[in-house]
Amino acid sequence: MNITNNYRIDANFRHFQNAMKSNDELYLVQCGIEQCRPDKSYGPVIRDAYHVHVILDGSGWLEVKDTVYPLQRGHIFASIPGVEHRYYANPQNPWHYTWISFAGTRAREFMEKAGITDKCPIRNTYVEPEQFLTLIENILNHYHLTIVNELLRTSQLYEALALLIESQNARNHSPRKKEPYDYSPDIYVNTAVEYIHEHYNHIRVNDIAAYLGISRYYFAHIFKEKLHISPQEYLLSYRLEQSARLLRSTELSIRQISEKAGYDNPLTFSKIFKNAYGLSPKYYREKMRSEPNSDQ
């Protein structure tokens, strides 16, 4: 067996014990890969960190309190901090798994997003288990204690958590289920309004929903629920509002203002503007400039 800087390797086992705590939010504790012996068992034990196993082959069992979970390839099982548990290989078909252990102030939040809690410590991978194996191998391949390797290990930890959450979200995505979105409707709507104000001249509602990472249906629903106007109506209203401001305060031509509002055809712009303001852009400009209290 080779032992170097908290890194161990032999024919059936690779393991890295992290000596650096990169940040309080989320940090790597250890990770590894093991082809277990038929008699391999662990526990009973209570851990301080989350310890997530991804089964690559074989089978075994996890015991938590009075519940025994049979597990095989394509399953994930986790040690939950503060919860006593035990796990052991099937003697006739011992498992081969990879694992990653981590802690931090957001660890529980991320695990709940990934569908793993103290009441439900197991789930399917929903993707090929080897995707997790690749990430953990990348950590194991950068075991030397350098700043560069520390950053690479941390990035792979975040990517592993992202894969856990993404795969869970993909599994949950169904027209009959509530969308598995991460943020509150207020955050999505406020972000959408800011995005419209910055990019109003060249975006559509689909672009806004795509920027937010949510479906157009859900976006339209929460937007109208919060602002009592549809996203399309708000976008059109803001375009015309900005066009009116430019007509009042600049010498830009109608064509230039039309283009800034996102309309290639000035005639189309003029028609839409007149429907909203009751005057064509030309006469609106003249009227506003003839009134002493109009803003310039």
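A brief structural summary. (Residues numbered from 1 in each chain as written. Predicted model: local features only at pLDDT ≥ 70, side-chain atom pairs only at ≥ 80, totals over all residues. Heavy atoms only, no water.)

1. Some points on the nonpolar core
- Formed by 47 residues in total, the largest nonpolar core has its most connected members in Phe-16, Phe-77, Trp-95, Ile-100, Phe-102, Met-111 and Leu-161.
- Discounting residues that sit within four places of it in the chain, Ile-100 has contacts with Leu-28, Gln-30, Cys-31, Tyr-50, His-51, Val-52, Ile-136, Ile-139, Leu-157 and Ala-160. (Core = buried A, V, L, I, M, F, W, Y, C linked by side-chain atoms within 4.5 Å. Buried < 20%, exposed > 50% of the residue type's maximum accessible area, 1.4 Å probe, protein only. Contact = heavy atoms within 4.5 Å.)

2. Some details on the packing of aromatic side chains
- Here the structure, examined in full by the defined rule, presents 20 aromatic pairs.
- For the ring pair Tyr-42 and Tyr-87, a centre distance of 5.5 Å and an interplane angle of 20° mean the geometry is stacked. Of the two residues, Tyr-42 sits in strand S5 (residues 41–45) while Tyr-87 sits in strand S10 (residues 85–89), which places them 45 residues apart along the sequence.
- Taking relative accessible area as the criterion, Tyr-87 reaches 4% and is therefore assigned buried.
- Ring centres 5.9 Å apart and planes at 40° place the aromatic pair Tyr-263 and Phe-269 in the tilted group. With respect to burial, Tyr-263 and Phe-269 carry one shared label: buried.
- An aromatic cluster is present here, built from Phe-13, Tyr-42, Phe-77, Tyr-87, Trp-95, Tyr-97 and Trp-99 joined pairwise through their rings. (Phe/Tyr/Trp six-rings, centres within 6.5 Å; stacked < 30°, edge-to-face > 60°. Helix = DSSP H or I, 4+ residues; strand = E, 2+ residues; numbered from the N terminus.)

3. Here we look at unusual backbone geometry
- Here the bond from Gly-43 into Pro-44 is cis, since omega is 5°, no more than 30 degrees from zero.
- With phi around 55°, Lys-65 is a residue other than glycine that occupies positive phi space.
- Residue position: Lys-65 is located in the loop between strand S7 (59–64) and strand S8 (67–72).
- Of note in this structure, His-228 is not a glycine but carries a positive phi near 60°.
- Residue placement: His-228 occurs in the loop between helix H6 (216–227) and helix H7 (231–249).

4. Points about the pairing of S7
- Alignment of S7 against S8, held across 6 bridges, turns out to be antiparallel. Across the sheet, Trp-61 pairs through a bridge with Pro-70, a residue of S8.
- Between the end of S7 and the start of S8, which pair antiparallel, lie 2 residues, with Lys-65 showing a positive phi angle near 55°.
- Of the pairings in the sheet, the one linking S7 to S10 comprises 5 bridges and is antiparallel in character. Across the sheet, Gly-60 pairs through a bridge with Ala-89, a residue of S10. (Pairing = 2+ DSSP bridges.)

5. Details of the sheet that holds S8
- Overall, antiparallel pairing links the 4 strands, which are arranged S5-S10-S7-S8 in an open sheet. At either margin of the open sheet sits one strand with a lone partner, and together these are S5 and S8. Each neighbouring strand pair of the sheet contributes to a mean axis angle of 15°, computed without reference to strand direction.
- Where S5 and S10 come together, 3 bridges link them in antiparallel fashion. (Axes fitted to C-alpha atoms, helices over the stretch in contact; angles between N-to-C directions.)

6. Things to note about the packing of helix H4 (residues 185–199) against H7
- Viewed as axis vectors pointing N to C, H4 and H7 meet at an angle of 35°, and their least axial separation amounts to 10 Å. The handedness of the crossing between H4 and H7 comes out as right-handed. Between H4 and H7, the contacting residues are Val-193, Ile-196 and His-197 on the first element and Tyr-234, Leu-235 and Tyr-238 on the second.
- The class makeup of the residues in the contact of H4 with H7 is 5 nonpolar, 1 polar and no charged. (Left-handed = near helix turned anticlockwise from the far one by under 90°. Nonpolar A, V, L, I, M, F, W, Y, C, P; charged D, E, K, R; others polar.)

7. Things to note about helix H10 (residues 281–290)
- Every buried residue belonging to H10 is among Pro-281, Tyr-284, Arg-285 and Met-288, and all of these are buried. What you see down the axis of H10 is that its buried residues fit within an arc of 100°, all on one side.
- At its buried positions, H10 is contacted by H7, helix H8 (254–260) and helix H9 (266–277). (Arc of directions from axis to C-beta.)

8. Some thoughts on the pattern of salt bridges
- Under the defined criterion, the tally for this structure stands at 11 salt bridges.
- The partner of Arg-73 in a salt bridge is Glu-130, and the shortest N-O contact between them spans 2.8 Å. Residue Arg-73 is located in the loop between S8 and strand S9 (75–79), and its partner Glu-130 is located in helix H2 (residues 130–140); the two are separated by 57 residues in the primary sequence.
- On the accessibility criterion, Glu-130 (32% relative accessible area) is partly exposed.
- One salt bridge connects Glu-109 with Arg-106, and the closest N-O pair in it is separated by 2.8 Å. (Salt bridge = Lys/Arg side-chain N within 4 Å of Asp/Glu carboxyl O.)

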